[in-house]
Amino acid sequence: MEHIVNQSDTSTSTSTSKKLYERPTDVRSLLATLKRPKRAVVTGGMPYANGPIHLGHLAGAQVPPDIMARYLRMLIGNENVLFVSGTDDHGSTSEVAALQAGVSIREFIDQTHAKQKRTLDRYGISLNVYSGTSRPDCFPLHKELSQEFIRKLYKNGMLEKRVSKQWYDVTLNRFLQDRNVQGKCPNQNCSNESAYSDECEVCGHQYDPSELINPRSALSDSTPVLKDTVHWWLDLWKVSDQMKDWIKSKEGKWRAPVFSEVYSTVLPSLIFDNTHEPIFKELRPSLPKHKSRYAPGRKVVVQFENKGDLALGGSMLKEKGIGYALVDGWAHRSITRDVAWGIPLPSDLDPEMAGKTLYVWPDSLIAPMAFSQVALKNRGDDPKRYKEFWHDPDTKICQFLGQDNVYFYVLMQAAMWLGYKDDPSKLPQAGELQLTDVFSSFHLQIDGEKMSKSRGNFYTGDQLLDEKGYAADQIRYFLALLSLPDKNSNFDFNTFHERNKFLAGPMNAAFEKPIAAAHSRFEGKIPAGRLLEKAEKETMQIVQKYLKQMERAEYSTLLFAIENYARLINSFFTQYKPHDDRFPEEERRDALYSCFYILKNLMIMLYPFAPATMNSLRESLQLPEALFSIDELGCPIEAGHAIGEKRQYFPVVSE
Ligand SMILES: [Zn+2]
């Protein structure tokens, strides 16, 4: 016993620096109380296997989730985070593109996938797996899981069979997917000749497929016809009250545009002509709790809190002679298709559904679970362990997607997830498939315009690196600064250039100054010093902000705050001149010690945004890779630690 006491006495008395290192700072007590998930899954929007990864993919579907995945790995450890994505192979566009390229669809997808994977690697997108829904290592797992979904949905009465009309190619004797038919937009004021079956991307008009003018089959260029066909429709209405309760619990947690879109959709609503408004106004005080608003076409929409209230309110309106319709178009969607290229439906449930496949949306919603199995298998784990990630309420599941896809990832997915449970009427318990959190992005514009090949402002990820000569970290950093979570944002090359000058200038200076001063005045070592109060105080503030905003994937204002924190190093150099031995030595030691403290915190906090650059800084500081950990925030680099030479960090930008 005495021996041990002596030993600890020795260790604290011989080295002042050791004592300083051991001192718990506020940051460390903050980290000790931080709530952490047990595991995490991060997914990015899945590209179609029809072309290269472009700047739009990187901005919304790849870089933001990569930042989240790297942060979560620093928070809970590499082994507890799965970051998965892959190509959405059964999207119809792959089939057409393969046809145009004159190769088999397998060959086409494999080539496209390999190119995409290479680009993602070049941008440091740290996926545990980049798979694809049709790939041989994924397809069997994906098919098994998808068929299990269909069986459960069927058993739980979540599928209804409906007849609808679908485009049919009479020369090829096959049905066509919606996206395989194009024609002239029926909007008289629009001249788009390649409008899709039910939607024009130029004017935004939506219409019935029968209205499309001069429809053409993308597969044969012949004129297709609309033909009756039977499909399974997912009944989202059946679980809408459950979804409403769940979505309500996300208020203030999800991004506002996502929350308001899905919450207003899921509230049970009815619609009637505004000619009934006087009677409706008289009736309002006695109706169950509701909200009303005007809708296009001289209509009034009334939203109730639940389906019970809607039924009661509806009968009261009817009694007063108000004819109304349910607003339930969103709540019934077909989830099967008449094409061979896809996940086949189970053959034993209904003979009429034989030969049909799962629609690409439900297919791609299930896919990340199949990708997770592939990722586990690749690392020598049991694929079935994917349930430890997806079926545990202590797992944080973060899905990044475009704002256009919010309906699918929130509403269609939640209805499928609930329908997969033994009892869809209850929200998931421990051990059941968990509902997920979504992070949406708006559209990326380039130099103020929509990115398109015809405008000449379409950039693939490779082009920006090879032809424009940018470093991946410069692009990652700039994309994270944009306000895509809130609104359409502009990738303006002038602003980008200015930002790169800042990174190569003041930011690099913050990295380089302490390293240079340690070499010139302190034998290449961290001096023994005390932490300046200002450094400690500002670190506490930035770490608090960091933890909060990383959790919410709100990167833009956070990065500006981190940049300000980095300026502290430059201000300590101005004030205490650690590089100039004409100034008081003790102050210089304290300042440089504090600068390295800030530098280490910066290195950790910026790692998810600029991983290659921060890795290079880590090597300069001769610190182990394990230091990329949230628990290292607020821990100074030990005095006496020898550092290496400075290197190139953010690239130099020419005028
Ligand atoms: Zn149009």
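Each value, and the rule that gives it
- Residues numbered from 1 in each chain as written.
- Predicted model: local features only at pLDDT ≥ 70, side-chain atom pairs only at ≥ 80, totals over all residues.
- Heavy atoms only, no water.
- Phe/Tyr/Trp six-rings, centres within 6.5 Å; stacked < 30°, edge-to-face > 60°.
- Helix = DSSP H or I, 4+ residues; strand = E, 2+ residues; numbered from the N terminus.
- Buried < 20%, exposed > 50% of the residue type's maximum accessible area, 1.4 Å probe, protein only.
- Donors = N, O, S within 2.8 Å, 3.2 Å for Na, K, Ca; no water.
- Tetrahedral: all angles 85-135°; square planar, octahedral: opposite > 155°, others 65-115°.
- Pairing = 2+ DSSP bridges.
- Polar contact = N/O pair within 3.5 Å; in protein donor to acceptor, adjacent residues only side chain to side chain.
- Contact = heavy atoms within 4.5 Å.
- Expected span 1.5 Å × (residues − 1).
- Bend = angle between axes of the 7 residues up to and from the residue.
- Domains from an automatic or database assignment.
- Buried area = accessible area lost by both parts, 1.4 Å probe.
- Salt bridge = Lys/Arg side-chain N within 4 Å of Asp/Glu carboxyl O.
- Nonpolar A, V, L, I, M, F, W, Y, C, P; charged D, E, K, R; others polar.
- Axes fitted to C-alpha atoms, helices over the stretch in contact; angles between N-to-C directions.
- Parallel < 35°, antiparallel > 145°, perpendicular 65-115°, else oblique.
- Left-handed = near helix turned anticlockwise from the far one by under 90°.

So, the packing of aromatic side chains
And then number 1: With the rule as written, the count across this model stands at 27 aromatic pairs.
And then number 2: Taken together, a centroid distance of 3.9 Å and an interplanar angle of 15 degrees make the contact between Y607 and F628 stacked. In this pair, Y607 is assigned in the loop between α20 (585-606) and α21 (611-620) and F628 in the segment after α21, connecting sequence segments 21 residues apart.
And then number 3: Owing to a relative accessible area of 16%, Y607 belongs among the buried residues under this scheme.
And then number 4: For F628, a relative accessible area of 9% translates into the label buried.
And then number 5: Taken together through their ring pairs, the aromatic side chains of Y459, Y470, F478, F491, F493 and F496 make up a single cluster.

Topic: the coordination of the zinc ion
And then number 1: Protein coordination at the zinc ion: the donors are C185 (SG), C190 (SG), C200 (SG) and C203 (SG), at 2.3 to 2.4 Å from the metal.
And then number 2: Metal-centred angles of 102 to 115 degrees between the 4 donor atoms at the zinc ion mark the site as tetrahedral.
And then number 3: Of note, the zinc ion draws all its donor residues from one chain, in the sequence arrangement C-x4-C-x9-C-x2-C. Remark: C200 occurs in the loop between β7 (195-196) and β8 (213-217) and C185 occurs in the loop between β6 (181-184) and β7; sequence separation between them is 15 residues. Side by side, C185 and C200 carry an identical accessibility label, which is buried.

Let's talk about the pairing of β6
And then number 1: Sheet topology note: the β6/β8 ladder contains 3 bridges and is antiparallel. In the strand pairing of β8, K184 is matched with I213.
And then number 2: Where β6 meets β7, 2 bridges bridge the pair, whose relative direction is antiparallel. Bridge assignment links Q182 to a residue of β7, and that residue is Y196.

Some words on unusual backbone geometry
And then number 1: In this model, D447 sits at a positive phi of 45 degrees, which is unusual for a non-glycine residue.
And then number 2: Mapped onto the elements of the fold, D447 is located in the loop between β19 (444-446) and β20 (449-450).
And then number 3: Even without glycine at this site, A553 takes up a positive phi of about 55 degrees.
And then number 4: Positionally, A553 belongs in the loop between α18 (533-551) and α19 (556-576).
And then number 5: Overall, the relative accessible area of 1% leaves A553 in the buried class.

So, the side chain of T43
And then number 1: Mapping T43 onto the fold places it in strand β1 (residues 39-43).
And then number 2: A relative accessible area of 1% places T43 in the buried class.
And then number 3: A distance of 3.1 Å separates a polar atom in the side chain of T43 from a polar atom in the side chain of Q399.
And then number 4: Setting aside residues no more than four positions away along its own chain, T43 makes contact with P65, V84, P368, W390, C398, Q399 and F400.

Comments concerning the side chain of T436
And then number 1: Residue position: T436 is located in the loop between α14 (406-420) and β18 (437-441).
And then number 2: A relative accessible area of 4% places T436 in the buried class.
And then number 3: Side-chain polar atoms of T436 contact the side chain of Q399, separated by 2.9 Å.
And then number 4: Side-chain polar atoms of T436 contact the side chain of Q413, separated by 3.2 Å.
And then number 5: The contacts of T436, once residues within four sequence positions are left out, are W246, W254, W390, I397, Q399, Q413 and W417.

What to know about the sheet that holds β7
Strands pair in a sheet through their backbones, by hydrogen bonds, and they do so in one of two ways: parallel or antiparallel.
And then number 1: As summarised here, the arrangement of the 3 strands in space is β7-β6-β8, forming an open sheet in which the pairing is antiparallel. The outermost strands of the open sheet, each flanked by one partner alone, are β7 and β8.

Remarks on helix α4 (residues 55-76)
And then number 1: In this model α4 runs 30 Å from its N-terminal to its C-terminal C-alpha over 22 residues, within 8% of the 32 Å that 1.5 Å per residue would give.
And then number 2: The sharpest bend along α4 comes to roughly 40 degrees, located at Q62, with the proline P64 sitting one to four residues further on.
And then number 3: Extensive coverage of α4 is indicated by the burial of 21 of its 22 residues.
And then number 4: Directly after α4, the chain includes G77, whose backbone phi takes a positive value near 95 degrees.

A few points about the domain arrangement of the protein chain
And then number 1: Domain parsing of the protein chain yields domain 1 (10-30 + 495-632), domain 2 (34-153 + 360-481), domain 3 (162-237 + 333-353) and domain 4 (252-329).
And then number 2: The C-alpha-based centres of domain 2 and domain 3 are spaced at 25 Å.
And then number 3: Contact with domain 2, which involves 26 residues of that partner, is made by 20 residues of domain 3.
And then number 4: Broken down residue by residue, the surface that domain 2 buries against domain 3 is led by E95, I150 and R151, which jointly contribute 25%.
And then number 5: At the junction of domain 2 with domain 3, the criterion picks out 1 salt bridge.
And then number 6: Here R151 makes a salt bridge to D348, at a shortest N to O gap of 3.0 Å.
And then number 7: Our count for the contact surface shared by domain 2 and domain 3 stands at 3 residue pairs in polar contact (both at pLDDT 80 or more).
And then number 8: Counting only elements with at least two residues in the side of domain 2 that touches domain 3, the list comes to α5 (92-101), α6 (105-122), α7 (139-155), α12 (360-378) and α14.
And then number 9: For the side of domain 2 that touches domain 3, the element with the highest residue contribution is α7, accounting for 8 residues.
And then number 10: Considering only residue class, the side of domain 2 that touches domain 3 consists of 14 nonpolar, 6 polar and 6 charged.

Regarding the packing of helix α8 (residues 240-248) against helix α9 (residues 256-266)
And then number 1: It is the contact of α8 with α9, at a shortest axis distance of 9 Å, that shows an interaxial angle of 150 degrees. Taken together, the axes of α8 and α9 are roughly antiparallel relative to one another. Considering how the two elements wind past one another, α8 and α9 form a crossing that is left-handed. Side by side, α8 and α9 meet where S240, M243, K244, I247 and K248 of the first sit next to F259, V262, Y263 and V266 of the second.
And then number 2: Considering only residue class, the contact of α8 with α9 consists of 6 nonpolar, 1 polar and 2 charged.

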